[in-house]
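Spelled out from the first residue to the last, the chains are:
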Number of protein chains: 2
Amino acid sequence: MSYEEALKLENQTCFAVYACAKEITRLYQPVLRELGLTYTQYIAMLALWERDAVSVKELGERLYLDSGTLTPLLKKLEAQGLLTRARDAGDERQLLIRLSEAGRALREKALEVPEKVFCQSGVNIEMLLKIRSQMGELMTALQPVAAADQRGD
Amino acid sequence: MSYEEALKLENQTCFAVYACAKEITRLYQPVLRELGLTYTQYIAMLALWERDAVSVKELGERLYLDSGTLTPLLKKLEAQGLLTRARDAGDERQLLIRLSEAGRALREKALEVPEKVFCQSGVNIEMLLKIRSQMGELMTALQPVAAADQRGD
DNA sequence: TTTATTTTAATTGCATACAATTTAATTTGA
DNA sequence: TCAAATTAAATTGTATGCAATTAAAATAAA
């Protein structure tokens, strides 16, 4: 591809992924509204339903989010009564996030979310699975770069 | 897939795309810093380099962004001297965005961006092309839903 | 023509995102 | 042991992102 072609918006893989991510988030919104969650709050709850009593750091690593994003988000979920935030007695630097009864109960309502969104999307399941696997490949390919950036080399 | 499985973070296509989009944006950042642009500012400039003297509405349609995002972003680019913002004489409702000399000149430096980012990413070109085409398919599949939401049916 | 409707940006308010810095706690090393 | 280095969250500052509302201009309809 020429340098000229490479600068066209339609040829940007980055833009394609960026636009899709926003569109998908928009698709979830009406369904998640019934749970009283935003999209980011939803993925945080997904992570917590799988593993409870985790530190902000661990949660952040799973969600690719830092404390600057998570701290206010978790405070909101705490204010909604879905979880508790308490320092780890063994290591006071860490803040342990634990689901409350209400937080665990919300999972029952959330069980319907994937199906609802999928039906609404009109996308076939094969495409979805292919995309997920490709995104996984891409993340795997990019992670070394991210790690190198972290180390600063 | 069971309802239980469908709720696992690793099975969320939405999360895979969301995480990839953020990772890609992060990859562009150091390269774009040399141009003095953020990622969103960069895609706005890409659109303007292809077509100049457009309204905020038209630009927004191409970038999937609304005036709430574009107005402040364009004001920043104007403050940097890359473009001008002026009402259309024929239709005062519209604000026409025009590149300045500096804005057009920046394109020369930007020509190197795609190659630099690509080399840095360590991703092979086939994967990139496949992903772009899949994202295109997904957007095409989702657009009817978005349009229906707009109409409210 | 004159009012009602529609269209376009701007504004407001809320929720991310993330870099950079700060603070407190813990671990390492001299 | 005890100062230096490291680690984990919180905080600060900047930049999106979008829904909802507002304001101004243009168009449609009566």
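Data block above holds the structure.
Position numbers for residues count from 1 along each chain, tracking the sequence in the order it is written. Chains carry letters and ligands carry numbers; both start at the beginning, A for chains and 1 for ligands, and go up in the order they are written. Confidence filtering applies because this is a predicted model: local features only for residues at pLDDT of at least 70, side-chain atom pairs given and counted only at 80 or more, and all residues used for totals across whole chains, interfaces and linings. Note that the side-chain values use all heavy atoms of the structure and ignore hydrogens as well as water.

Give a detailed account of the protein's contact with DNA strand D, specifying residues and quantitative values.
Residue proximity to a molecule or strand is established when one non-hydrogen atom of the residue lies within 4 Å of it. The immediate surroundings of DNA strand D are formed by 29 residues, with Tyr18, Lys57, Ser67, Thr71 and Arg85 of chain A found nearest. Near the protein, within 4 Å, the atoms of DNA strand D are sugar or phosphate in 80% of cases. Here a phosphate oxygen of DNA strand D sits 3.0 Å away from a polar atom, N or O, in the main chain of Val56 of chain A. Pairs of N or O atoms are called polar contacts if they sit within 3.5 Å, as long as, within protein, a hydrogen donor faces a hydrogen acceptor (for residues adjacent in sequence, only side-chain-to-side-chain pairs). Within the contact set of DNA strand D, a phosphate oxygen lies 3.4 Å away from a backbone nitrogen or oxygen of Leu95 of chain A. Elements supplying a minimum of two residues to the surface near DNA strand D: α2 (13–33), α4 (56–63), α5 (67–79) and β2 (83–87) of chain A together with α3 (39–50) and α5 (67–79) of chain B. Classifying every residue of the surface near DNA strand D gives six nonpolar, twelve polar and eleven charged. Counting from the N terminus, the helices are the DSSP runs of H or I reaching at least four residues and the strands are the DSSP runs of E reaching at least two. Here the nonpolar group is Ala, Val, Leu, Ile, Met, Phe, Trp, Tyr, Cys and Pro; Asp, Glu, Lys and Arg are the charged ones; every other residue, Gly included, is treated as polar.

An account of the protein's contact with DNA strand C is needed here, citing residue identities and associated values.
By nearness alone, 29 residues border DNA strand C, and Tyr18, Ser55, Lys57, Thr71 and Arg85 of chain B come closest of all. Put simply, 81% of the atoms of DNA strand C that lie within 4 Å of the protein are in sugar or phosphate. Contact between DNA strand C and Ser67 of chain B: a base nitrogen at 2.8 Å from a side-chain N or O atom of the residue. Between Arg87 of chain B and DNA strand C, the recorded distance is 3.4 Å, taken from a side-chain N or O atom to a sugar or linking oxygen. Within the residue set of the surface near DNA strand C, elements represented by two or more residues are α3 (39–50) and α5 of chain A together with α2 (13–33), α4 (56–63), α5 and β2 (83–87) of chain B. Partitioned by chemical class, the residues of the surface near DNA strand C number six nonpolar, twelve polar and eleven charged.

An account of the sheet that holds β2 of chain B is requested, with residue identities and associated values reported.
The pairing of strands in a sheet happens through backbone hydrogen bonds and is either parallel or antiparallel. Any two strands are treated as partners once DSSP identifies two or more bridges connecting them. Spatially, three strands are ordered β1-β3-β2 (chain B) in an open sheet, and the strand pairing comes out antiparallel. Of all the strands in the sheet, just β1 (54–55) and β2 of chain B have a single pairing partner and so form its edges.

Got a sec to walk through the relation of the copies chain B and chain A? Specific residues and values, please.
Two copies of a chain can be linked by a rotation about an axis combined with a shift along that same axis. To superpose the copies, least squares is applied to the C-alpha atoms of every residue with a pLDDT of at least 70 in both. Once turned by 180° and shifted 0.0 Å along the axis, chain B lies on chain A with an RMSD of 0.0 Å. The relationship between the two copies is best expressed as a two-fold rotation axis. Note on contacts: a residue pair is in contact if any heavy atoms of the two residues lie within 4.5 Å. Comparing contact sets, 100% of the residues at the interface of chain B also lie at the interface in chain A, consistent with an isologous, same-surface contact.

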